Amino acid sequence: MSSISHDELQHIRERLGQARGPQYWRSLEELAESETFGQFLNQEFPRLGAVWEAPMDRRGALKLMAASMALAGLTACGRQPLEFIVPYVNMPEGEVPGMPRYYATSHLIGGYAHGLLAQAHQGRPVKLEGNPDHPATLGACDVFSQASVLSLYDPDRSAAVMNRGEVAGYGTFLLELNEKRLVWDDTQGRGLHLLTGSLTSPSQFAYLQALLERWPQARWYVHEPIDRYAVYAGTERLFGEPREAVYHFDQALVVASLGADFMQAQPGFLRYAHDFMEQRRPRDNDGFLARLYAVESTPSITGSIADHRYRLPYHQTLDFARQFAVAMGLDVEPPAQPVVPDSWLQPMVDDLQRHAGRAVVVPGDQQPPEVHAIAHAINERLGAYGKTVTYIEPVDVGHTARPLSELTGEIQDGRVESLVVMGTNPVYTAPADLDFQQAYRQVPWRLHWGEYYDETGQVSHWHIPARHPLETWADARAYDGTISLLQPLIQPLHGGKSALQFLAAMGQGTDEDARRLLIDYWLEQYVGSDFETFWRRSLRDGMVADSAFATLNSPLRDDWMHTLSFAPGERIPDDAITLQLQPDPAVWDGSYANNGWLQELPRPLTKLTWNNALLISPVLAQEYGLKEGDVVRVKAQAGEAEVEVPVYPLPGMPDRAVTLQLGYGRKGIGHIADGVGSDAYVFHTTDRHWASPVTLETLDRHETLATTQNHHAIHGRDLIRATTLEEYRKHPEFAKHPGPHESLYPEPWPAEREAEYAWGMAVDLTACIGCNACVTACQAENNIPIVGPEEVSRGREMHWIRIDRYFEGPPESPHLFFQPVLCMHCENAPCEYVCPVEATQHSASGLNEMIYNRCIGTRYCSQNCPYKVRRFNWFDYTGEQATYTQPEPVHNPEVTVRSRGVMEKCTFCVQRINRARITADIDDEPIPDGALQTACQQACPTQAIVFGDISDERSHVRRLKDHPLSYGMLEHLNTRPRVSYLAGVGNPNHDVEAPQPDPLVAPEQEKANVHQASAEGLDYDEQIVRIFEPDPIANGRGGKA
Amino acid sequence: MNRHDKHRPLLPPDLTHARLTERISNLVLRDPSPRSWFVALLVCALIALMFFAALGYVFEVGVGLFGINIPVAWGFPITNTIWWIGIAHAGTLISAVLLITRQPWRASINRFAEAMAMFAVVLAGAYPIIHLGRPWFFYYLLPYPNDMELWPQWRSPLVWDFFAIFTYLAFTASFMYLSLLPDLATLRDRASSWFGRVFYGTLAIGWRGSATHWARYEKANMILSSVAAPIVVAVTGIISLDLAVSIVPGYHFTIFPPYFVAGALFSGFSTVALLAVLLRSMFGLQDLVTRTHLDYLGRMMLVFALVVDYAYTQEMFFAWYSGEDYYRYVYIDRWTGPYAPAWWSMIFCNVVLVQLLWFKRVRRSPIAMLCLAITSDIGMWLERFQIVFTSTHADYMPSAWGEAWPTVWDWAVFIGSLGVFGVLLLLFVRIMPLISLHDMRGLIAKRNKGGEDG
């Protein structure tokens, strides 16, 4: 329609010549009213063509315009993608924008529920906190639960039903499933096999039971990588029935742990840590302190805080248990030779017997059943039953199911036609000798339900995405049997089906409502009259009231000793190197591997991030000439398993034992998990579950390990002050060291400022167990980015609170000290006066505040900070250039997300302070003491952190600051920190002889070697421990450095 | 001085006013550039390109490219600032202090020493901005009126720094321009091209060489020179306060201001010697910048090196005498820790090698002086490096200890700045007389009068 004829032009001219007023036209063709324009219009806009041709008056045109305007809005409808992440359109009743709401829910760790309160901002969960009413948490929160909120927004979470590697619809799945169901109906379920993880949910168990009843030929198996088989097997041998032990450390004065990390890795650990430390509070009561003995292989945080720790390779723990039992007067066959000298064992036995009724022995979950049987027999002897330990029916009903090894046998026999894998990942975690992947691929029909499209999902015919705990309706039992409820805070972000929905689909072949399914179960269970009230109350509380299991009377079997087998057959020779496998303190069995917060969490003892190095003893490291990061090849003595892994020498490891944590070496899971660390499951075999003999072979390779603390010796500095209970009673003020010189100008404490409150904090070093709960809490609360292993190894981690870990004593049996270090909010802050742009300032209530907008990044504040608690955004860690972007919705809307080039640090959770202040202002009352908690304080299971108003003489924190144990770190610099520490007090037994130093290498020689290494100027990583003397005179003056 | 002049004259005996003027102005106006000049310019320009490319990337991505971290949050940019500002100092000292003390040997070297000072200050001023996490907000350091009613914080040495460097830049620029004035007029008069006449004529702002002009010139020159001495001391002193005012062991030493001034002058004289050797051979000026000049420069280097060495001993003494573990540990760590090679190299360069300057043959040998000038500059750079890096890498809390090692970007920005410096200097010597004509004429006049009042 480009050409226009001469005639037409002529015509136009004539028309324009006659026209009056302005005349608008879009093209010459239109102007010419030519035939071609009409054709064009008809082709392009057929309807408009009709309008164009129709006789049109002014009224008609206006009508048409009005109609088009009205209909214009409709174009916005229909094609809009479903956007669940936009929380709501109509504000829910009672919602106040900007005010977070809390809902009680739960998180499962190894199947055991931790009661939580989830904080939601405008319908978006951003923070998980402990549920104060829940028996497993008492308001504290562990690292896994807290970090799970990040997993909710994980873009790598499974987002679609997958059918043989292709995205499919759930309806298609149901069609195929229903075909299978018809077959199962015919055959009574022959060939149908179900594999689940550990199961503590009553409703899921009921639905599962219904399936098994409907198809009696179907089989149910359980595979949980960090299983508790030995707990039930051991108690079964002792009592004749499997039992779950629940410990009551609040009743215990003397505790002995047999390889049990009950403060970090056993169901109920938060509660246990809390209860144990209740009995160990010199700040409240120095009349007594609970005493802890630990015999273990790999140093754990429980062993680290023990008053006496004896290191034994994993396989000798049973020998120790037998030796222990004999010493307790039990009729148990003694070991071939004692593994622990009597000078160590006997005082412990005496101590336990002296405190009979208030003593308890705790066997580790990963110890063999015999250790459990013996430990609980000792408990009976100690009169612990009903006092410091009670027994309930097993919380995990999975112990009644068949084990995985039976399933692989069935597969090999060709009897498995359909395999349904539910919430577990056996292709990755199954014992290596089963070669589960090979077996699994032989199953004709494989169905997987899980949160990630993981190793198992990828080789399944069907993969159904599971809901995240914060999206789901479910129930589960806690360590004591309390039924805890999980309720969704958000619509499933990626679709996904709840466990009950999946089980219902299996049973009925339909897609049911997740909430309805759960309620239906509880309606059936509920016997009272007012279900609505019961249900609402349970949801509000996050648990079903009084649902904990009742204590069972547990008499010992008469012949229990004969049920134990001490077969020497498969024993590990004592001179072999024992490899112990452990759940990882950050990624557990690998299910948290794609969680950036956890990957970057410094592991409590090694301060290692983003890796699982092989932990070896300094002696072994010396024998093999290994330094931190040197790569070795670990080979199983039996079988072909081998792994190349960097080593990390850890003081306190038994000389000939090495440890590798599980959960790493994932492939194809997500951008965080992939390629991090090495897979330790290759050493995991059916008969050698947790330990096996290995050989080491040094390789000429080195990897830089991303650790957050490179120096482990304290160099005689008095940063940490600790002593024994006896010394403390003699010198209660031992921690008070001479302060700075008197100033001519009086400096009142706290400094006189025109504010109502003076915020301060006290950190109790006795109570701190180094569990990292505070670190994760701070990360979640304060939008702290993750930076990745490269940046961490360059010293650029961003955590606002770090837990320093120092060793004391000889490298073989060191004491560990943990010290949380955060911004001290100094009254005389060295950071403040050096900032050229006044970007860091003091508030009236004593906070040292960062003004991000004003910061230009001179980093002078960090240089001048003696505590080195400031963190700098070296790159864009939060925006588009970030390597590890955090999903936007997980950010706490009350905290600024920092940009590149600015300094940041602990704010004492100023957003919480301000919210409390606003609430108090509205109520016209002062903020009550204890009502305001910082995130770290709130998460701490042992209440090691206390925050409050130090100008209020009755406040808790002020009382602690006035306590004789209180001291300020680096006080001689006259920084006058607002954070003070309560010196650590231990309660060692003087009759216990310290373990002898290792004959292989004398400590002097070790020191000499290190000295030489550091003189070379290259190996700055001192792998030794220097003796720290808690003696005020020796410190700060001697120039020992 | 007279005795020396007779034996080792600072001027060739046959040098007259006319020949001097002809030679020096021809270097600018007539002679083609020597081939070595082109080669040097090309090399320097390529290095300078690398500087700007690296800077562009650093500004785009962030200072995380540099090898710094917590605890070592200051790195190469701070090291380089102190180093460049130190180099700048000798220029001012030669032009001003030696003028006041009437040292005749300054005449032939003061021009390029001033130019060196000028360009070194420019680079010294650039690094603090490169150092910033958010360099686009550098103006927050300025006391400009704003609606937040915020001023810089006057207690922070970084603000003092800003003013010190700015003052120094302003002073150096005006001082150099003043001393260029009579020579610009000479060039204006001798320029044959229209562009030359306009260019130099504009810059000469009507200098006619009248007695009134000269009288005012002399007065202004003397005033600026008198101001120069305190500025020289104050600027480096203030830069050193960046470190000394902090509470970091290894930074917090009261001797830092004089120690840094001595160090600055040591590196400054070394750089003047370096440039003297290079330029005299590049432009064939061996008879004007003589071995005697090198001798004097060598003596100055020796004097200030000895002051620096004395400061080292005092620093160590104070670390021990303070009785503080932390300070003592910093020293032990400097000797034995991961950065020990830097410390010992520094001692080798600044303490051991400079002792060669006691020997007259060394001082009068251009090659030896070139080598010693380079090692002294390296030594002084290492001194700043180890102060900046070792002090916080192992300060109060062992748990926070860590190391930072320079990355390729650190080196690119550091070495690149040498290229920028080279380009600026090479361009300068082609468009300005690299030997002060009027100062030399004064010297010739004095010699002609019999050298009685030298």
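Residues numbered from 1 in each chain as written. Chains lettered and ligands numbered in written order. Predicted model: local features only at pLDDT ≥ 70, side-chain atom pairs only at ≥ 80, totals over all residues.

Turning our eyes to something else, we now look at the overall build of chain A. The helix and strand tally for chain A stands at 33 helices and 39 strands. Here chain A, with 1041 residues, has 55% of them falling under the buried criterion. In chain A, the share of contacts with a sequence separation of at least 24, taken over all contacts with a separation of at least 6, comes to 73%. (Helix = DSSP H or I, 4+ residues; strand = E, 2+ residues; numbered from the N terminus. Buried ≥ 20, exposed ≤ 12 C-beta atoms within 10 Å, placed from the backbone. Contact = placed C-beta atoms within 7 Å.)

Tallying the contact residues gives 54 residues for chain A and 48 residues for chain B. At the level of secondary structure, the elements contributing two or more residues to the side of chain A that touches chain B comprise helix H28 (830–834), helix H29 (860–863), strand E34 (871–872) and helix H33 (1003–1015) of chain A. When its residues are assigned to classes, the side of chain A that touches chain B shows 23 nonpolar, 18 polar and 13 charged. (Nonpolar A, V, L, I, M, F, W, Y, C, P; charged D, E, K, R; others polar.)

In terms of burial, strand E12 (residues 359–363) of chain A is a largely internal element, 5 of the 5 residues being buried. With burial as the criterion, each face of E12 of chain A is covered, one bearing Ala359, Val361 and Pro363 of chain A and the other bearing Val360 and Val362 of chain A.

All names here are of chain A. Overall, mixed pairing links the 8 strands, which are arranged E5-E4-E17-E16-E15-E6-E7-E14 in an open sheet. Each having just a single partner strand, strand E5 (166–168) and strand E14 (402–403) make up the two edges of the open sheet. Judged from the 4 bridges that link them, strand E6 (residues 192–196) and strand E7 (residues 219–222) form a sheet pairing that is parallel. Within the sheet, the bridge partner assigned to His193 lies in E7 and is Arg219. (Pairing = 2+ DSSP bridges.)

Take the sheet that holds strand E3 (residues 124–130) of chain A next. Residue and element names in this part refer to chain A. As summarised here, the arrangement of the 3 strands in space is E1-E2-E3, forming an open sheet in which the pairing is antiparallel. Either end of the sheet is taken by a strand with one partner, and the two such strands are strand E1 (101–109) and E3. For this sheet, the mean inter-axis angle between neighbouring strands, taken without regard to orientation, is 40°. In the sheet, E1 pairs with strand E2 (residues 112–121) via 9 bridges, with the strands oriented antiparallel. Bridged to Tyr103 within E2 is Ala118. (Axes fitted to C-alpha atoms, helices over the stretch in contact; angles between N-to-C directions.)

With that settled, the discussion passes to the nonpolar core. Counting 441 residues, the largest nonpolar core has Leu614 of chain A together with Met116, Ala120, Val272, Ala273 and Met301 of chain B as the members making the most contacts within it. Ranked by residue count, the leading element in this core is helix H9 (residues 256–282) of chain B, at 16 residues. Setting aside its immediate chain neighbours within four residues, Ala120 of chain B contacts Trp84, Ile87, Ala88 and Phe421 of chain B. (Core = buried A, V, L, I, M, F, W, Y, C linked by C-beta atoms within 7 Å.)

All names here are of chain A. Relative to the assigned elements, Phe205 resides in helix H8 (residues 202–214). By C-beta crowding, Phe205 is classed as partly exposed, having 19 other C-beta atoms within 10 Å. Separated by 298 residues in the primary sequence, Phe205 and Leu503 have C-alpha atoms spaced 9.8 Å apart. What Phe205 contacts, discounting residues up to four positions off in sequence, is Leu199 and Val397.

Confidence in the prediction of chain B, expressed as mean pLDDT, is 89, and 97% of residues score 70 or more. Note on the complex model: pTM 0.86, ipTM 0.92. (pLDDT = per-residue confidence, 0-100.)

What follows deals with unusual backbone geometry. The step from Ile70 of chain B to Pro71 of chain B runs through a cis peptide bond, and the omega angle for that step is 20°. One can find Pro71 of chain B in the loop between helix H3 (35–61) and helix H4 (76–100). One non-glycine residue, Trp588 of chain A, lies in positive phi territory at about 55°. With respect to the helices, strands and loops of the structure, Trp588 of chain A is situated in the loop between strand E20 (577–582) and helix H23 (596–599). For Trp588 of chain A, a count of 22 C-beta atoms within 10 Å gives the class buried.

Before going further, it helps to spend a moment on the packing of helix H2 (residues 17–29) of chain B against helix H6 (residues 157–190) of chain B. Residues and elements named next belong to chain B. Here H2 crosses H6 at 75°, and the two axes come no closer than 10 Å. Our classification of the angle between H2 and H6 gives roughly perpendicular. Residues Thr21, Ser25, Val28 and Leu29 of H2 form the contact with H6, whose participating residues are Thr186, Leu187 and Arg190. Looking at the contact of H2 with H6, its residues break down into 3 nonpolar, 3 polar and 1 charged. (Parallel < 35°, antiparallel > 145°, perpendicular 65-115°, else oblique.)

On to the pairing of strand E15 (residues 418–422) of chain A, then. Residues and elements named next belong to chain A. Counted residue by residue, E15 has 5 buried out of 5 residues, so it is predominantly covered. Neither face of E15 is left uncovered, since the one carrying Ser418, Val420 and Met422 and the one carrying Leu419 and Val421 both have all their residues buried. Relative to E15, E6 is paired through 5 bridges, and the arrangement is parallel. When the bridges of E15 are listed, Leu192 appears paired with Ser418. With 5 bridges joining them, E15 and strand E16 (residues 445–450) adopt parallel strand pairing. Each bridged residue has a counterpart across the sheet, and for Ser418 the counterpart in E16 is Trp445.

The axes of two packed helices give the description: the angle between them and the distance between them. Residues and elements named next belong to chain A. Axis separation between helix H12 (residues 317–327) and helix H14 (residues 369–381) bottoms out at 9 Å; the angle between their running directions is 25°. Relative to H14, the element H12 is oriented roughly parallel. For the element pair H12 and H14, the recorded crossing hand is left-handed. Contact residues: Thr317, Leu318, Ala321, Arg322, Phe324 and Ala325 in H12; Glu370, Val371, Ile374, Ala375, Ala377 and Ile378 in H14. (Left-handed = near helix turned anticlockwise from the far one by under 90°.)

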